[in-house]
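Examination of the molecular architecture
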Amino acid sequence: MDVKVISLFPEMIRDAAAWGVTGRALDNGIASLGCINPRDFTTDVHQTVDDRPYGGGPGMVLKVEPTAAAVAQAREQLPAGAKVVFLTPQGRLFNQTVARELAELPGLALVCGRYEGFDERLVEACADMELSVGDYVISGGEPAALVVLDAVLRLLPGVLGDALSAQQDSFSDELLDCPHYTRPEIVDGRQVPAELLTGNHADIARWRLKQSLGRTWQRRPELLAGRELTAEERQLIEEFLAEQKAGGD
Ligand code: 9D3
């Protein structure tokens, strides 16, 4: 997948993307990343990318022309079928379903705003999609673009190891994770759950699913709202709640 990030702070993207899973995807050639700076498309001596808002008020608004030119260059460089995604607080909420949709594309342009945001005509003219990464305020689109980039690249074939990618097909990523433990077996009197020490893989899988379902039921019930629970799943949740009441001994 070819990715272009349009940003006034391209180093922020390049530096962060060089680490971890995204860095490996880029090193392996599974994905490519280019940054395009709207400031390079300004035509005035001051390299102006923003201006005061019509109607008054605080803050500055990103001008149409420099960012439009940067998006146009990204479109020229990207393969047919690529999508232009603007990161904005008004966008569709980014989630794993959106990540899977984007991972199917041959190319992606991620457009980052700063200040109060984009002149709306830029979004109307250039955006295939607007995405938000959540209902909180961050100071610009770059951290959001890095979130989207990580979530999408890790879905590309070959980016993760075999074991991790096999896990991704399963419904387990729609539930909260189960708790994890490593050595030593006792820390400050706290034991690793006995089920994990049995070596019985069926029991271990059942315990993990019980924890995932129970934690999701308690902490994020809305994640279960769109799904029909099987009799087995309801049984596991009941066991989880009963064991919790008993004090998890
Ligand atoms: C504090 C100013 N806000 C109300 C007057 C408007 C506002 C403008 C610009 C709020 C945030 C931003 C910058 N944010 C993003 O560019 C952004 C974002 C976000 O803030 N939250 C969640 N997802 C995203 S994607 C891009």
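Reading guide: rules and limits
- Residues numbered from 1 in each chain as written.
- Predicted model: local features only at pLDDT ≥ 70, side-chain atom pairs only at ≥ 80, totals over all residues.
- Heavy atoms only, no water.
- Helix = DSSP H or I, 4+ residues; strand = E, 2+ residues; numbered from the N terminus.
- Rg over C-alpha atoms; globule rule 2.2 N^0.38 Å.
- Buried < 20%, exposed > 50% of the residue type's maximum accessible area, 1.4 Å probe, protein only.
- Domains from an automatic or database assignment.
- Phe/Tyr/Trp six-rings, centres within 6.5 Å; stacked < 30°, edge-to-face > 60°.
- Near = heavy atom within 4 Å.
- Polar contact = N/O pair within 3.5 Å; in protein donor to acceptor, adjacent residues only side chain to side chain.
- Areas by Shrake-Rupley, 256 points an atom, 1.4 Å probe, with all protein chains shown as cover.
- Pairing = 2+ DSSP bridges.
- Axes fitted to C-alpha atoms, helices over the stretch in contact; angles between N-to-C directions.
- Contact = heavy atoms within 4.5 Å.

The next subject is the overall build of the protein chain. Assigned secondary structure in the protein chain consists of 10 helices and nine strands. By the compact-globule yardstick of 18 Å for 249 residues, the protein chain is too spread out, its C-alpha radius of gyration being 23 Å. Taking the principal axes of its C-alpha atoms as reference, the protein chain extends roughly 70 × 45 × 40 Å. Taking all 249 residues of the protein chain together, 40% fall into the buried category.

Another point: the domain arrangement of the protein chain. Taken domain by domain, the protein chain consists of domain 1 (2-161) and domain 2 (170-248). Each of domain 1 and domain 2 was reduced to a C-alpha centroid, and the two centroids are 38 Å apart.

Taken as a whole and assessed by the stated rule, the structure comprises one aromatic pair. With 4.8 Å between their ring centres and 65° between their planes, F86 and F118 make a pair best called edge-to-face. One end of the pair, F86, is in strand 5 (residues 83-93); the other, F118, is in the loop between strand 6 (107-112) and helix 5 (120-126), with 32 residues separating them in the sequence. Classification of F118 by relative accessible area gives buried; the value is 12%.

Attention shifts here to the site of the ligand. Neighbouring the ligand are 16 residues, the closest being S132, V133, G134, Y136 and I138. The separation between a nitrogen atom of the ligand and a polar side-chain atom of S132 is 3.4 Å. The separation between an oxygen atom of the ligand and a polar main-chain atom of I138 is 3.0 Å. Considered on its own, the ligand offers 570 Å² of accessible surface; in the complex 72% of this is hidden by protein. Residue assignment for the shell around the ligand shows that the elements contributing at least two residues are strand 5 and strand 7 (129-132).

The next point concerns the pairing of strand 1 (residues 2-6). Put simply, side chains in a regular strand alternate between the two faces of the sheet. The element strand 1 is largely enclosed, with a buried count of four among its five residues. As paired strands, strand 1 and strand 2 (residues 32-36) are joined by five bridges and run parallel to one another. Looking at strand 2, one finds that V5 is bridged to C35. By the bridge criterion, five bridges tie strand 1 to strand 6 in an arrangement that is parallel.

Before going further, it helps to examine the sheet that holds strand 6. Across the sheet, which stays open at both edges, the five strands sit in the order 2-1-6-5-7 with parallel pairing between neighbours. One side of each edge strand has no neighbouring strand; the edge strands of this open sheet are strand 2 and strand 7. Each strand axis lies, on average, 30° off the axis of its neighbour in the sheet, ignoring direction. On top of the sheet, helix 6 (residues 142-153) reaches strand 1, strand 2, strand 5, strand 6 and strand 7; it is set at about 160° to strand 6, its chief contact.

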